[in-house]
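Reading the structure
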Amino acid sequence: MRANIILFTILTVFCALLCAVYTVWSLVDPLHGRVEWVGTVTLALAAILSAFLGFYLSRVHKSQGAELPEDTLTANIDDGDPEIGHFSPWSWWPIILAGACGLLVLGLAVGFWIAIIGIPLVVIAVVGWNYEYYRGYFAR
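No experiment lies behind these values; they were computed from the predicted model shown. Residue numbers run consecutively from 1 along every chain, following the written order of its sequence. Where totals are concerned, whole chains, interfaces and linings use all residues; where local detail is concerned, this predicted model gives features only for residues with pLDDT of at least 70, and gives and counts side-chain atom pairs only at 80 or more. No hydrogens and no water enter the side-chain calculation; it runs on all heavy atoms of the structure.

Topic: the UniProt feature "transmembrane region" (unreviewed entry) in the protein
UniProt positions are given in the numbering used here, feature names are shortened, and annotations may be inferred rather than shown by experiment. According to UniProt, the "transmembrane region" (unreviewed entry) feature falls on residues 5–25, 37–57 and 90–106. Regarding residues 37–57, the helix share stands at 100% and the strand share at 0%, and the terminal C-alpha atoms are separated by 30 Å. Helix and strand labels come from DSSP, where a helix needs a run of H or I of at least four residues and a strand needs a run of E of at least two; each type is numbered from the N terminus.

Remarks on helix 1 (residues 2–28)
Take the residue count of a helix, subtract one, and multiply by 1.5 Å to get its expected span. Look at helix 1: 39 Å from first C-alpha to last across 27 residues, which is about the 39 Å you get at 1.5 Å a residue. Every buried residue belonging to helix 1 is among Ile5, Thr12, Cys15, Cys19, Thr23 and Ser26, and all of these are buried. Residue contacts are counted whenever heavy atoms from the two residues lie within 4.5 Å of one another. Looking at the packing, one finds that the buried side of helix 1 touches helix 2 (37–64). Note on exposure labels: buried denotes an accessible area under 20% of the residue type's maximum, exposed denotes more than 50%, and partly exposed covers the range between, all computed with a 1.4 Å probe on protein chains only.

Observations concerning the packing of helix 3 (residues 93–109) against helix 4 (residues 112–130)
Where helix 3 meets helix 4, the closest approach of the two axes is 7 Å, and the angle between their N-to-C directions is 160°. Taken together, the axes of helix 3 and helix 4 are roughly antiparallel relative to one another. Crossing of helix 3 over helix 4 shows left-handed handedness. For helices, the axis comes from a line fit to the C-alpha atoms of the stretch in contact; other axes are also lines fit to C-alpha atoms, and the angle between any two N-to-C directions lies between 0 and 180 degrees. For this classification, under 35 degrees means roughly parallel, over 145 means roughly antiparallel, 65 to 115 means roughly perpendicular, and everything else is oblique. Put simply, a crossing is left-handed when the front helix is turned counterclockwise from the back one by less than a right angle, and right-handed when it is turned clockwise.

Describing a negative patch on the surface
Patch membership needs two things, relative accessible area over 30% and no salt bridge, and members are linked within 9 Å if like-charged or within 5 Å if nonpolar (Val, Leu, Ile, Met, Phe, Trp, Tyr). Areas reported here follow the Shrake-Rupley algorithm with a probe of radius 1.4 Å; residue values treat only the protein chains shown as occluding. In what follows, salt bridge is the name for a side-chain nitrogen of Lys or Arg lying within 4 Å of a carboxyl oxygen of Asp or Glu. Note that His is not counted, nor are the chain ends; the positive residues are Lys and Arg, and the negative ones are Asp and Glu. For this purpose, a charge sits on NZ of Lys, CZ of Arg, CG of Asp or CD of Glu. Taken together, the side chains of Asp78, Asp79, Asp81 and Glu83 present a region of like negative charge at the surface. Looking at the element boundaries, Asp78 is found in the loop between helix 2 and helix 3. When its relative accessible area of 64% is taken as the criterion, Asp78 is described as exposed.

A word on the side chain of Ser26
Secondary-structure assignment places Ser26 in helix 1. Ser26 gets classed as buried once you look at its relative accessible area, which sits at 11%. Within 3.5 Å is the distance limit for a polar contact, defined as a pair of N or O atoms, with the added protein rule that one can donate a hydrogen and the other accept it, and that residues adjacent in sequence qualify only through two side-chain atoms. Side-chain polar atoms of Ser26 contact the backbone oxygen of Thr23, separated by 2.8 Å. Ignoring any residue separated from it by four or fewer positions in sequence, one finds Ser26 in contact with His32, Gly33, Arg34, Val35 and Glu36.

Here we look at the packing of helix 1 against helix 2
One way to put it is that helix 1 packs onto helix 2 with a least axis distance of 8 Å and a crossing angle of 160°. If you check the angle between helix 1 and helix 2, you find them roughly antiparallel. In this structure, the crossing between helix 1 and helix 2 has a hand that is left-handed. When grouped by side-chain class, the residues that make up the contact of helix 1 with helix 2 number 15 nonpolar, nine polar and one charged. Put simply, Ala, Val, Leu, Ile, Met, Phe, Trp, Tyr, Cys and Pro go in the nonpolar bin, Asp, Glu, Lys and Arg in the charged bin, and everything else, Gly too, in the polar bin.

With respect to the packing of aromatic side chains
Ring pairs (aromatic) are described by centroid distance and by the angle formed between their planes. Between rings of Phe, Tyr and Trp, where Trp is taken as its six-membered ring, a pair exists when centres lie within 6.5 Å; planes separated by under 30 degrees are stacked, by over 60 edge-to-face, and by other angles tilted. Inspection of every chain in the model, using the stated rule, returns two aromatic pairs. Arranged with centres 6.4 Å apart and planes meeting at 85°, the rings of Trp90 and Tyr133 form a pair that is edge-to-face. With a gap of 43 residues between them, Trp90 in the loop between helix 2 and helix 3 and Tyr133 in the segment after helix 4 connect regions that are remote in the sequence. Judged by relative accessible area, Tyr133 falls into the buried class, the value being 17%.

So, a nonpolar patch on the surface
Where nonpolar side chains cluster on the molecular surface, the patch consists of Trp37, Val41, Leu45, Ile48 and Phe52 and spans about 560 Å² of accessible area. Summarising the element assignment, Trp37 is placed in helix 2.

Digging into helix 2
In a regular helix each residue adds 1.5 Å, so 28 residues correspond to 40 Å; helix 2 covers 40 Å between its end C-alpha atoms and thus fits that length. Along helix 2, the residues that are buried comprise Gly39, Thr40, Leu43, Ala47, Ser50, Gly54, Leu57, Ser58, Val60 and His61.

This is the structure:
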């Protein structure tokens with residue numbers, strides 16, 4: 001956790017410094033001679049976001065009071081191996097959901113009538129994926 005806090009601090013300083021250099025460079029440029037707001041605001045918001053993330057991680061680290069396995073030098077690789085969850089390697093529902101979400105986004109980009117077809121497919125895929133262990137061969 002400490003390494004992440006240090007990395008976000010470095011990223012904050014880098015983005016803030018880059019924002020200042022970018023702003024000065026756009027002012028000095030003879031073609032423009034004014035602030036280029038899109039890049040300046042983007043770099044400033046990137047610095048603010050990384051500062052927020054570093055601050056949040058430091059608060060979480062202080063409230064936990066414990067060291068993570070990656071913070072200790074004597075930790076083994078298996079010490080940081082969490083239980084991720086249960087996944088179905090034979091399930092087709094994630095592929096169907098990805099296709100339905102793609103159809104939904106395509107409908108939002110191209111024509112709303114395609115999104116109307118995609119919305120029920122997304123609902124069917126989410127329900128099917130959630131309840132795949134309640135019916136059929138793998139019911140429990």
